2 protein chains.
Amino acid sequence: MELLVTYDVSTTTPEGAQRLRRVAKLCEGYGLRVQKSVFEVVCTDADLVRLNDALHRIIDDTEDSIRIYRMNRGSFKAVEVLGAARRLPHDGALVL
Amino acid sequence: MELLVTYDVSTTTPEGAQRLRRVAKLCEGYGLRVQKSVFEVVCTDADLVRLNDALHRIIDDTEDSIRIYRMNRGSFKAVEVLGAARRLPHDGALVL
């Protein structure tokens, strides 16, 4: 399946900045970073459960916000990009 | 149609900060802000053409990045939310 993971992690505190790094690092193990806080992920249902669980353990539920959108197959290839944005090639599931 | 608009606008300069405000303001006329740089938009094909055109005129093509994903109908309702994220109700096309 194709997922779009977007997040806002509060960085007003050192702890928040660390959570941000940990969320980014985690997502890098699942997919491609296409913008600062946006990842395109191609993965299985089981991977999604693991990702969801791992994110839950990192974030502060009151301050941080994560959205995981299920995408149509092929939506990453069809994304409209403006400015410096580029479509990135996904070579199947990237989960490490 | 349902679109997800995500953007990174460079704010290292005052001009960049102004572009960021203008992109956000423009998107607010088309949809709901769900995270700092993520908007859920319900609109028509014609609206998308106008939005795309207006965004092009605001951004710096070398520094700023905008991605517009076409979503499945109902994907906003089905989004997985973690932490402080909330699903937002869309009452049909919001274009002002």
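Residues numbered from 1 in each chain as written. Chains lettered and ligands numbered in written order. Predicted model: local features only at pLDDT ≥ 70, side-chain atom pairs only at ≥ 80, totals over all residues. Heavy atoms only, no water.

- You'll find chain A entered in an unreviewed UniProt entry as CRISPR-associated endoribonuclease Cas2, with Nocardiopsis composta given as the organism.
- Taken from UniProt, the Subunit (unreviewed entry) comment for chain A reads in full: "Homodimer, forms a heterotetramer with a Cas1 homodimer."
- Taken directly from UniProt, the Cofactor (unreviewed entry) text for chain A runs: "Mg(2+)". (UniProt positions renumbered as here; feature names shortened; annotations may be inferred.)

**Points about the confidence of the model for chain A**
For step 1, the next point in the chain: Per-chain confidence: chain A averages 93 in pLDDT, with 94% of residues scoring 70 or above.
For step 2, the next point in the chain: Reported for the predicted complex are a pTM of 0.92 and an ipTM of 0.91. (pLDDT = per-residue confidence, 0-100.)

**Focus on the relation of the copies chain A and chain B**
Think of it as a corkscrew move, a rotation about one axis and a shift along it, taking one chain copy to the other.
For step 1, the next point in the chain: Between the two copies, chain A and chain B, the superposition gives an RMSD of 0.0 Å; the rotation angle is 180° and the shift along the axis is 0.0 Å. Seen this way, the second copy is the image of the first under a two-fold rotation axis. (Least-squares fit on C-alpha atoms with pLDDT ≥ 70 in both.)

**Quick word on the environment of Asp45(A)**
Residues and elements named next belong to chain A.
For step 1, the next point in the chain: Its location among the elements puts Asp45 in helix H2 (residues 45-58).
For step 2, the next point in the chain: Overall, the relative accessible area of 53% leaves Asp45 in the exposed class.
For step 3, the next point in the chain: As a C-alpha pair, Asp45 and Met1 span 44 residues in sequence and 7.5 Å in three-dimensional space.
For step 4, the next point in the chain: With near-sequence residues (within four places) excluded, Asp45 lies in contact with Met1 and Arg70. (Helix = DSSP H or I, 4+ residues; strand = E, 2+ residues; numbered from the N terminus. Buried < 20%, exposed > 50% of the residue type's maximum accessible area, 1.4 Å probe, protein only. Contact = heavy atoms within 4.5 Å.)

**What to know about the packing of aromatic side chains**
For step 1, the next point in the chain: Across all of its chains, the model carries 4 aromatic pairs over all chains by this definition.
For step 2, the next point in the chain: Between the aromatic rings of Tyr69(A) and Phe76(B), the centroid separation amounts to 6.3 Å while the plane-to-plane angle is 80°, which identifies the pairing as edge-to-face. Taken together, the residues span two chains, with Tyr69(A) in strand S4 (residues 65-71) and Phe76(B) in the loop between strand S4 (65-71) and strand S5 (80-83).
For step 3, the next point in the chain: Their ring planes at 25° and their centres at 6.3 Å tell us that Tyr7(B) and Phe39(B) sit as a pair that is stacked. Taken together, the residues span a long stretch of sequence, with Tyr7(B) in strand S1 (residues 2-8) and Phe39(B) in strand S3 (residues 38-42) at a distance of 32 residues.
For step 4, the next point in the chain: Taking the relative accessible area as the measure of exposure, Tyr7(B) reaches 1% and is therefore buried. (Phe/Tyr/Trp six-rings, centres within 6.5 Å; stacked < 30°, edge-to-face > 60°.)

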